[in-house]
Amino acid sequence: QVQLVESGGGLVQSGGSLMLSCAASGRTFGIYDMGWFRQAPGKEREFVAAIIWSGGYTYYGDSVKGRFTISRDIAKNTVYLQMNSLKSEDTAVYYCAAHYSTSSNYNYWGQGTQVTVSS
């Protein structure tokens, strides 16, 4: 089992930046990729970005392309989400998730961190 702990959320003005971190602990061997998702009040959960753990390939949701960057530090078992040019519509709870190679879905989720962008 793996535990995921997000940090770095907060309140920021429109146009500003934030960096989220997600530290993984426990059974981290076998992770295929890690992703960030978000959910705003009254909306469905939305894919934000993902990174293949071993190769570093990255994928982004259309709404964040060019503004957000996902990265990872393998030695620290940590994935980051650098968010620039934030907009009010980026306001949501952001969740980190881990996907094991033995599964077809994201197996483990963090508790979430709130990001609020004021206009």
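The residue numbers shown here count from 1 along each chain, following its written sequence. Two thresholds apply to this predicted model, a pLDDT of at least 70 for residue-level local features and 80 or more for giving and counting side-chain atom pairs, whereas whole-chain, interface and lining totals are computed over all residues. Values reported for side chains reflect all heavy atoms of the structure, with hydrogen atoms and water molecules removed beforehand.

(A) Spatial organisation of the overall build of the protein. By definition, any uninterrupted DSSP run of H or I lasting at least four residues is a helix, any uninterrupted run of E lasting at least two residues is a strand, and each is numbered from the N terminus. Across its full length, the protein carries 0 helices and 11 strands. At 14 Å, the protein has a C-alpha radius of gyration in line with the 14 Å of a compact globule built from 119 residues. Counting only C-alpha atoms and orienting by the principal axes, one finds that the protein spans roughly 40 × 25 × 25 Å. Across the 119 residues in the protein, those meeting the buried criterion constitute 41%. C-alpha atoms define the radius of gyration, and 2.2 Å times the number of residues to the power 0.38 defines the globule rule. In this scheme, a residue with accessible area under 20% of its type's maximum is buried, one over 50% is exposed, and one in between is partly exposed, where area comes from a 1.4 Å probe on protein chains only.

(B) The sheet that holds strand β8 (residues 78–83), seen in detail. The 4 strands lie next to each other as β1-β3-β8-β7, forming an open sheet whose pairing is antiparallel. Each edge of the sheet is formed by a strand with only one pairing partner; in this case those strands are β1 (2–7) and β7 (68–73). Across the sheet, the mean angle separating the axes of adjacent strands is 15° when strand polarity is ignored. We call two strands paired when DSSP finds no fewer than two bridges between them. Taken together, the 6 bridges between β7 and β8 define a ladder with antiparallel strand orientation. Counted as the bridge partner of Ser71 is Tyr80 from β8. Only the stretch in contact is used when fitting a helix axis, every axis being a line fitted to C-alpha atoms; angles between N-to-C directions are given from 0 to 180 degrees.

(C) Looking closely at the pairing of strand β11 (residues 113–118). Only one face of β11 is covered, namely the face carrying Thr113, Val115 and Val117; the face carrying Gln114, Thr116 and Ser118 is uncovered. Pairing geometry for strand β9 (residues 92–100) and β11, over 3 bridges, is antiparallel. Residue pairing for β11: Ala92 is matched across the bridge by Val115.

(D) Structural context of unusual backbone geometry. Residue Asn77 is not a glycine yet carries a positive backbone phi of 50°. Within the secondary structure layout, Asn77 lies in the loop between β7 and β8. With relative accessibility at 22%, the residue Asn77 sits in the partly exposed group. Backbone geometry places Ser85, a non-glycine residue, at a positive phi of 50°. Here Ser85 lies in the loop between β8 and β9. Take Ser85: its relative accessible area is 41%, and that puts it in the partly exposed class.

(E) Summary view of the pattern of salt bridges. Within this document, salt bridges are pairs made up of a side-chain nitrogen of Lys or Arg and a carboxyl oxygen of Asp or Glu, the two lying within 4 Å of each other. Inspection of every chain in the model, using the stated rule, returns 4 salt bridges. Close ionic contact of Arg38 with Glu46 constitutes a salt bridge, the shortest N to O distance being 2.8 Å. Residue classification places Arg38 among the buried positions, given a relative accessible area of 4%. In this structure Glu46 comes out as partly exposed when scored by relative accessible area, which is 29%. A salt bridge links Asp62 to Lys65, with the shortest nitrogen-to-oxygen separation between them at 3.2 Å. Judged by its relative accessible area of 65%, Asp62 is exposed. Among the charged side chains, a salt-bridge network with shared partners connects Arg38, Glu46, Arg67 and Asp90.

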